There are 2 protein chains.
Amino acid sequence: MSNFVVAGNPKSTSMYKCWLKYYKLENKKLSGEYKNLLKSIVIKENTAITQSAVNELKRGLAGILGIRPEISEEPAKPAFLMLGTLSGNKSIAGLLGREKQNLGEEGFIIKLLTENEQKQLLVAGKTDRGLLYGVFSLLRLIQTGTGLDGLPRIENPVNQLRMVNHWDNMDRSIERGYAGKSIFYKNNKITGNLARISDYARMLASVGINAIAINNVNVHKFETLLITDRYIKDAAKLNEIFRSYGIKLFLSINFASPLSTGELFTADPLDKEVRKWWKNRAEFIYAYMPDFGGFLVKADSEGRPGPFTYGRTHADGANMLAEALKPHGGLVIWRCFVYNCLQDWRDRTIDRAKAAYDHFMPLDGAFAENVLLQIKNGPMDFQVREPVSPLIGGLEKTNQVLELQTTQEYTGQQKHLCYLVPMWKEVLDFDTCAKGRGTSVKKIISREVFKNKYGGFATVTNIGDDTNWTGHQMAQANTFGYARLAWDPELTSEEIAESWIRLTYSNDRILVDTIKDMLLGSWRTYENYTSPLGIGWMVNPNHHYGPNVDGYEYDKWGTYHRADHKGIGVDRNVRNGTGYAGQYHKEVARLYENVETCPEELLLFFHYIPYDYRLKSGETLIQYIYNTHFEGVEQAEELKRKWESLKDKVEEDVFGHVMERLEGQITHSKEWRDIINTYFFRKTGIPDELGRKIY
Amino acid sequence: MSNFVVAGNPKSTSMYKCWLKYYKLENKKLSGEYKNLLKSIVIKENTAITQSAVNELKRGLAGILGIRPEISEEPAKPAFLMLGTLSGNKSIAGLLGREKQNLGEEGFIIKLLTENEQKQLLVAGKTDRGLLYGVFSLLRLIQTGTGLDGLPRIENPVNQLRMVNHWDNMDRSIERGYAGKSIFYKNNKITGNLARISDYARMLASVGINAIAINNVNVHKFETLLITDRYIKDAAKLNEIFRSYGIKLFLSINFASPLSTGELFTADPLDKEVRKWWKNRAEFIYAYMPDFGGFLVKADSEGRPGPFTYGRTHADGANMLAEALKPHGGLVIWRCFVYNCLQDWRDRTIDRAKAAYDHFMPLDGAFAENVLLQIKNGPMDFQVREPVSPLIGGLEKTNQVLELQTTQEYTGQQKHLCYLVPMWKEVLDFDTCAKGRGTSVKKIISREVFKNKYGGFATVTNIGDDTNWTGHQMAQANTFGYARLAWDPELTSEEIAESWIRLTYSNDRILVDTIKDMLLGSWRTYENYTSPLGIGWMVNPNHHYGPNVDGYEYDKWGTYHRADHKGIGVDRNVRNGTGYAGQYHKEVARLYENVETCPEELLLFFHYIPYDYRLKSGETLIQYIYNTHFEGVEQAEELKRKWESLKDKVEEDVFGHVMERLEGQITHSKEWRDIINTYFFRKTGIPDELGRKIY
């Protein structure tokens, strides 16, 4: 396989602080205004979370404004910052008008009050979690050089659960990790650097993350024991850290735990002893972590155990766990990534894309109240381009979590720049037509449409123990962007990018615009030089890095492009294909089924298309493949030129690090271009109209 | 990647004894004759090796004839077996006539003398090693039911060095091992089961092996220390075992040892300190093993260190080691597997096939007297079909060792039946035309042609700690066959197969003929359903098992088929190709360069051929590909039918074991057939003339 070593030292420490860099604000006027307003901080409450908020304020204001405000219970003259919660400080209600009715459980308000020439900046939440989010929001306002004109600002998170999933193993490895080793484990022990984990919790809370699953959904031998004596005390230590930042701790569990621990001879979810086992287990866990979040479960998927072993349904399995957690307020998050991973490539009647819907739609309404189904955004597996899973918009009576992937498994593995927010925005804005036009994914996930009890966002995180957390420093924009979208899916890709750039680098207008350009085009650039028009999977098996057109073509994974010398693509029509398109509501199905109306970026996902087919641009399919692949490399080269232009505006080690990654990306994008183009040229014999070099 | 689990328990103990099974001879007449002759054994010498010989005789005669002969120094009446050596027992010379001049250093004679009605069967060698080989030969004669009519039998091994190379690592893994873990190591220690290793030494000696390298040519961290205090005493223990069976122990060494051990700052072969380091090291080793064989070296190959680092040649490197070993009589075996493993697949001017010749031909004559170059049989890497390396027949003034591969890396990994002797025979019989017609490979290796001081055979062994040693029981035939060929390359594939079958199973005529059929056709069967006409490499990268047509096509390893929609193959002509064919002597070069005269089984190795090209059979190339792939599967199915017919003639566990392997082979051969055929059908659009199923 191709091994392209991409350098660029991710151990350089200046990138460690991410978007909480708190560098000195250069705008002197604004800086002066804020300094005057923030010399004194008043807070009358004292919880772990309010302490986190105050500490963050001190840290932030020291860095950005160079001040060390007094903390007291009494207002100072002529100005002060007031922090408080509706639930913990009665006077706060008085300072708010009808605004307080608009504050949700995790909401906050930032408001400027002036009375008797005394200026009071109020940051308040309904709860201490809201207050913490308010403080982080205020620090962002200041750092990005935003004035006070926009106040009052009231924000409530749109989504209830805003979660990150770690695929960390206790041997310190991370499945699909591209930023070093786990920050939590080593040698099958929880031996994380607690100071670093606390920094991580700050980082998550700063952008509104409120839940974390700390171990891989593929639960191996030692990880199975996280819910036992062996590890529970150490897990509780992590829980304490996350608790102080308003983050609930979840554990991925092994469905076969009663068996694997050697305590029972079955894991049948309808077996009385098994149910009792899990109830006892839940009581045990909650004794150590009274605010434990619950279980994340991958069952009957890719070789993991599950209820199928006992002839039971996913609902039987999930509900059994739900029953055990319910008395404690815990949740079961049950993944829908279930498919036949032993498919015969010769068999065209099976379609992996249909699997999640086929498995879970019949169970809609059968799950307990505290079960959430976690659904990957697409029907396959985090490809660079996929349609939206038809389960979203299909399920009505089921709590749903949208699963995104921040770790760049199929999108460049943090060696390539690929800002994923525009992709996620397309997913969120996709109209499922579940209740007629306008039933977008984001409205379903936010529970606006079906009013489910629970819902939210989860992502497979891109975090590891590289000093810069994410391997490629710019991949921090995805960590940040995911969380911001989970908080408010109406934010635009541009807004999120701009905010991340200002917090991470500087408020320099040229720098902001240049990096924004780089980020916003990067997904399309990556798509251009990799697999075309939604067909996906042209990667090396197992590690999924680098081009291999037939890498998954003759394999058992259900991932085929079916290219021959005349055309390429998979017919997924109801009439003459696999029937996948029929899983959508009829307005959507009609769109996809018709070659003319099918969005071209998904053309090969839904149809087998001859190479001489003319796209709307007038190009033939084959010429489109050639063009995009040449273009993609040019765009990668353009990324480097843009970055070069910022040499004097970026810290030297950051500049060098990103530059080396970008150079690696150029080299590797050529490998993609040449292998894909050569593959299709050799297969079709059709030359490039522009006579460019194909091998 | 495709994972075909092939069952068939290689732990079953009845296969442990291999061809030294010593089962009861059913032929009563012959059995009686032998019994009468062998009641008493006379031997007047006592060395570790003569003890091995006597012990083997006792073991063998007890099993085959059910007798326990007396051992004494005095002849018995009326018949006895006389064992002795020319060097150790003066009376032996008297019993031999002019025959003694025909006995080489390792030769033996088996002769029947009758005097005064006293029958004396004489087994004698010039040395105790020769005697040991004579004893094993006698036991084979008896076990296979051969009478005494063929006596006297004088044999001398045709090749001097008859070696096995273990690619065993000290962590117990075996590179390219398909029969379990190492028999020598565990947890980075030499902790082999000494009784088993002794059995292994017997097994090797029984077929004339006289040298062994016990560690992988890729010498890692711990293995580097085999020549140090840390391990030398344990290595000496193994040496003692092998010594008692006439086998010289070699170690693979790390060229950078002076550096890697932390003792020097360079490994430059022309550096005085480095030369001194190796001299001291050699003295150290010989203090523990006075008969140590020497070093096996993989240098400047696939990332291994070597003289290139210091701007020195392979001759500089090898001669430096040779100088250190010379005072002790040690040899340096230097591998020629040197090529650029970072090739750009786009670059058609480089040809890996040329590498060994390009590197080593200019050094012909530059190597010290005790250096041997070890040359793989083909220019690439043990593919199912390759031409012979042009280095053999090229080099004249250099000691040469032919390297074969018994472990079935590219030939079915001991999951598929593939009897390799016919392939090796083709290599040995190949006419290099080095000194005009008739200069076959075997004559060069045996030193007949160039009269080099040293020469011989080496093989990468297929032995592991599976109870049956080789994973697939029938792969024992390759272990056996390699050794027999090394002893005498004139033996035919049929003779070797017949002998192995009789020793391993029984003398039943139907059984012998059926298994012989199975063995003799198996290489061609495997070739039929895998990559066609010498092009090779259509395997999954890294592990090399299972079909993947483009698996190595866009990679850095120099292994390309260059298939497009019109044709496939690599032009290796001098005029319009890579020039590889020009490395042969002109008669051979002319043959390969011309499409008309190029042997068809190597057609795609030497030429790019259009799919509609007509082969001598009248089939087009594409139809030939389809036909052979359908045929290969049918032949695999035929193997099973043949084996089934032997159900009552084979032990039950052996029958079941082989049957399961054969069934796995059928399943996997279909995977090969379908993927290869589908690949070419999709690429060409040319249908099978017989309308068979292609996907």
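This structure is a prediction, so every number in the text was calculated from the model and none was measured.

Criteria and cut-off values
Residue numbers run consecutively from 1 along every chain, following the written order of its sequence. Chains carry letters from A onward and ligands carry numbers from 1 onward, assigned in written order. In keeping with the model being predicted, local features are shown solely for residues with a pLDDT of at least 70 and side-chain atom pairs are shown and tallied solely at 80 or more, while totals for entire chains, interfaces and linings include all residues. Only hydrogens and water are set aside when side-chain values are computed; all heavy atoms of the structure are taken into account. Numbering of helices and strands runs from the N terminus, with a helix taken as a DSSP run of H or I at least four residues long and a strand as a DSSP run of E at least two residues long. Our radius of gyration looks at C-alpha atoms and nothing else; its globule reference is 2.2 Å times the residue count to the power 0.38. Three exposure classes are used, based on accessible area relative to the maximum for each residue type with a 1.4 Å probe and protein chains only: buried under 20%, partly exposed in between, and exposed over 50%. Whether two residues are in contact is decided by their heavy atoms: any pair within 4.5 Å suffices. Identification of polar contacts relies on pairs of N or O atoms within 3.5 Å, with a donor-acceptor requirement for protein atoms, meaning one able to donate a hydrogen and the other able to accept it, and with residues adjacent in sequence counted only if both atoms are side-chain atoms. UniProt positions are given in the numbering used here, feature names are shortened, and annotations may be inferred rather than shown by experiment. For every residue, the pLDDT score states the predictor's confidence, bounded by 0 at the bottom and 100 at the top. Buried Ala, Val, Leu, Ile, Met, Phe, Trp, Tyr and Cys residues that are joined via side-chain atoms within 4.5 Å together make up what is termed a nonpolar core. Superposition of the copies used a least-squares fit over C-alpha atoms from residues whose pLDDT is at least 70 in both. For the domain bounds, the source is a domain assignment made automatically or taken from a database. The quantity reported as buried area is the accessible area (1.4 Å probe) lost by two parts once they are put together, taken as the sum for both. By definition, a salt bridge exists where a carboxyl oxygen of Asp or Glu is found within 4 Å of a side-chain nitrogen of Lys or Arg. In the scheme used here, Gly and all other residues not listed as nonpolar or charged are polar, with Ala, Val, Leu, Ile, Met, Phe, Trp, Tyr, Cys and Pro taken as nonpolar and Asp, Glu, Lys and Arg as charged. At least two bridges found by DSSP between two strands is the condition for calling them paired. Note on definitions: angles span 0 to 180 degrees between N-to-C directions of axes, and those axes are lines fitted to C-alpha atoms, for helices only across the stretch in contact. Only centres within 6.5 Å qualify two rings of Phe, Tyr or Trp (six-membered ring in Trp) as a pair; their planes then separate them into stacked at under 30 degrees, edge-to-face at over 60, and tilted for everything else. The rule for a charge over a ring is simple: NZ of Lys or CZ of Arg within 6 Å of the ring centre, and within 35 degrees of the ring normal. Note on angle classes: values under 35 degrees are labelled roughly parallel, values over 145 roughly antiparallel, values of 65 to 115 roughly perpendicular, and the remainder oblique. Crossings are classed by handedness, with left-handed meaning an anticlockwise turn of the near helix from the far one by less than a right angle and right-handed meaning a clockwise turn. Looking down the strands as they point away from you, a crossover is right-handed if its path from the first strand over the helix to the second goes clockwise.

**A closer look at the overall build of chain A**
Consideration 1: Along its length, chain A carries 20 helices and 18 strands.
Consideration 2: Here the C-alpha radius of gyration of chain A, 26 Å, is about what a compact globule of 695 residues would show, namely 26 Å.
Consideration 3: Each of the three principal axes of chain A carries a C-alpha extent, and together these read 80 × 65 × 50 Å.
Consideration 4: Among the 695 residues that make up chain A, the fraction classed as buried is 64%.
Consideration 5: Residue pairs in contact within chain A that sit at least 24 positions apart in sequence constitute 73% of those at least 6 positions apart.

**Looking at the environment of Q118 of chain A**
Residues and elements named next belong to chain A.
Consideration 1: As for its position among the elements, Q118 is in strand β5 (residues 118-125).
Consideration 2: Considering only alpha carbons, one finds Q118 and F80, 38 residues apart in sequence, at a separation of 8.1 Å.
Consideration 3: In this structure Q118 touches P75, A76, K77, P78, F80 and L113, once residues within four positions along its chain are discounted.
Consideration 4: A distance of 2.9 Å separates a polar atom in the side chain of Q118 from the backbone oxygen of A76.

**Looking at the UniProt feature "domain: Glycosyl hydrolase family 67 C-terminal" (unreviewed entry) in chain A**
Consideration 1: Here, the residues flagged by UniProt with the feature "domain: Glycosyl hydrolase family 67 C-terminal" (unreviewed entry) are residues 470-692 of chain A.
Consideration 2: Note that residues 470-692 of chain A is 51% helix and 2% strand, and that its end C-alpha atoms are spaced 36 Å apart.

**Observations concerning the confidence of the model for chain A**
Residue and element names in this part refer to chain A.
Consideration 1: Confidence in the prediction of chain A, expressed as mean pLDDT, is 96, and 98% of residues score 70 or more.
Consideration 2: pLDDT under 50 marks residues 1-7. Its contacts with residues more than four places away, or in other chains, come to 21 contacts.
Consideration 3: Here the prediction assigns the complex a pTM of 0.91, and the interface score ipTM is 0.86.

**Points about the nonpolar core**
Residue and element names in this part refer to chain A.
Consideration 1: Among the nonpolar cores identified, the biggest contains 221 residues, and Y200, F242, W334 and W643 are the most heavily contacted of them.
Consideration 2: In terms of residues, this core owes the most to one element, helix α20 (residues 652-684), which gives eleven residues.
Consideration 3: If we skip the residues at most four places from it in the chain, W643 touches M474, Y505, I515, M518, V650, V654, F655, V658, M659 and L662.

**Examining the relation of the copies chain A and chain B**
Consideration 1: You can overlay chain A on chain B at an RMSD of 0.1 Å; the transform is a turn of 180° with a shift of 0.1 Å along its axis. In short, the pair behaves as if placed about a two-fold rotation axis. Judged by C-alpha distance, K683 of chain A is the residue of chain A that lies nearest the rotation axis, at 2.6 Å.
Consideration 2: Of all interface residues in chain A, 100% are interface residues in chain B too; the two copies therefore contact each other through one and the same surface.

**A word on the domain arrangement of chain A**
Interfaces are often described in size by the accessible area the parts lose on coming together.
Residues and elements named next belong to chain A.
Consideration 1: What the domain assignment lists for chain A is domain 1 (28-155), domain 2 (166-492) and domain 3 (505-570 + 608-694).
Consideration 2: Summarising the inter-unit geometry, the C-alpha centres of domain 2 and domain 3 are found 30 Å apart.
Consideration 3: Between domain 2 and domain 3 the total buried area reaches about 3400 Å² when both faces are included, carbon and sulfur atoms providing 59% of it.
Consideration 4: At the surface where domain 2 touches domain 3, the tally comes to one salt bridge.
Consideration 5: Notably, a salt bridge pairs E527 with R385, separated by 2.8 Å at the nearest N-O pair.
Consideration 6: Counting every contact that joins domain 2 to domain 3 gives 21 residue pairs in polar contact (both at pLDDT 80 or more).
Consideration 7: Of the residues forming the side of domain 2 that touches domain 3, the biggest block, three residues, is contributed by helix α12 (residues 421-429).
Consideration 8: The class makeup of the residues in the side of domain 2 that touches domain 3 is 15 nonpolar, twelve polar and eleven charged.

**Quick look at the sheet that holds strand β2 (residues 70-72) of chain A**
Residue and element names in this part refer to chain A.
Consideration 1: Across the sheet, which stays open at both edges, the six strands sit in the order β2-β1-β3-β5-β4-β6 with mixed pairing between neighbours. Each end of this open sheet is capped by a strand with a single partner; those strands are β2 and β6 (153-155). Taken over all neighbouring pairs, the strand axes of this sheet differ in orientation by 20° on average, direction set aside.
Consideration 2: Where strand β4 (residues 108-115) lies against β5, eight bridges are found, and the strand directions are antiparallel. Looking at β5, one finds that F108 is bridged to G125.
Consideration 3: Strands in contact with helix α2 (residues 48-64) are β1 (40-43), β2 and β3 (79-85); relative to β1, the strand with the most contacts, it is inclined by about 175°.

**Remarks on the UniProt feature "domain: Alpha glucuronidase N-terminal" (unreviewed entry) in chain A**
Consideration 1: When the UniProt feature table is mapped onto this chain numbering, "domain: Alpha glucuronidase N-terminal" (unreviewed entry) sits at residues 18-138 of chain A.
Consideration 2: In residues 18-138 of chain A, the share of helix is 36% and the share of strand is 25%. The end C-alpha atoms are 17 Å apart.

**Quick notes on the interface of chain A and chain B**
Consideration 1: Listed as interface residues are 30 residues of chain A and, on the opposing side, 30 residues of chain B.
Consideration 2: Counting each side, the surface lost to burial between chain A and chain B is near 2700 Å², with a carbon and sulfur contribution of 46%.
Consideration 3: E671 of chain B is the partner of R346 of chain A in a salt bridge, and the nearest nitrogen-oxygen pair spans 2.9 Å.
Consideration 4: Applying the counting criterion to the chain A and chain B interface returns twelve residue pairs in polar contact (both at pLDDT 80 or more).
Consideration 5: Broken down by class, the residue content of the side of chain A that touches chain B amounts to ten nonpolar, seven polar and 13 charged.

**Observations regarding the packing of aromatic side chains**
By convention here, two paired aromatic rings are described through the distance between centres and the angle between planes.
Consideration 1: Tallying each qualifying case throughout the model produces 70 aromatic pairs over all chains.
Consideration 2: Ring centres of Y679 of chain A and F680 of chain A lie 5.1 Å apart, and the angle between their planes is 75°; this geometry places the pair in the edge-to-face category. With respect to burial, Y679 of chain A and F680 of chain A carry one shared label: buried.
Consideration 3: Three or more aromatic residues joined by ring pairs form one cluster here, namely Y16, F184, Y185, Y200, F242 and W469 of chain A.
Consideration 4: Of note, R196 of chain B hangs over the ring of W469 of chain B, and the distance from its end group to the ring centre comes to 3.9 Å.
Consideration 5: Residue placement shows R572 of chain B over the ring face of F605 of chain B; its charged tip is 4.1 Å from the ring centre.

**Some details on the side chain of R502 of chain A**
Residue and element names in this part refer to chain A.
Consideration 1: Of note, R502 is situated in helix α15 (residues 493-504).
Consideration 2: In terms of polar contacts, R502 uses its side chain to reach the side chain of E498, at 2.9 Å.
Consideration 3: In contact with R502, not counting residues within four places along its chain, are Y23, Q143, T144, N507, R509 and V512.

**A short note on the packing of helix α14 (residues 476-487) of chain A against α15 of chain A**
All names here are of chain A.
Consideration 1: Between α14 and α15, the least distance of the axes is 10 Å, while the angle of their chain directions is 130°. Relative to α15, α14 is oriented oblique. In terms of crossing hand, the pair formed by α14 and α15 is right-handed. Residue-level inspection shows Q476, A477, F480, G481, R484 and L485 of α14 in contact with α15, the latter providing I496, S499, W500, L503 and T504.
Consideration 2: Partitioning the contact of α14 with α15 into residue classes produces six nonpolar, four polar and one charged.

**Points about the side chain of T479 of chain B**
All names here are of chain B.
Consideration 1: As for its placement among the helices and strands, T479 is situated in helix α13 (residues 476-487).
Consideration 2: Here N462 takes part through its side chain, which lies 3.0 Å from a polar atom of the side chain of T479.
Consideration 3: Leave out the neighbours within four places in its chain, and T479 touches W19, T406, N462, I463 and T470.

**Some remarks on the packing of helix α5 (residues 194-206) of chain B against helix α6 (residues 229-243) of chain B**
When two helices pack together, their arrangement is given by the angle between the helix axes and by the axis-to-axis distance.
All names here are of chain B.
Consideration 1: Where α5 meets α6, the axes come as close as 9 Å, and the angle between the chain directions of the two elements is 40°. In terms of orientation, α5 lies oblique with respect to α6. Judged by the twist between their axes, the crossing of α5 over α6 is right-handed. Residue-level inspection shows L194, I197, S198, Y200, A201 and L204 of α5 in contact with α6, the latter providing L238, I241 and F242.
Consideration 2: For the contact of α5 with α6, the class distribution of residues is eight nonpolar, one polar and no charged.

**Notes on the pairing of strand β1 (residues 40-43) of chain B**
Residues and elements named next belong to chain B.
Consideration 1: Both faces of β1 are covered, namely the face carrying S40 and V42 and the face carrying I41 and I43.
Consideration 2: Relative to strand β2 (residues 70-72), β1 runs parallel, the two being bridged by three bridges. In the sheet register, S40 faces β2, and the bridge partner there is E70.
Consideration 3: Handedness of the β-α-β unit built from β1, helix α2 (residues 48-64) and β2 comes out right-handed.
Consideration 4: Sheet analysis places β1 next to strand β3 (residues 79-85), joined by three bridges and oriented parallel.

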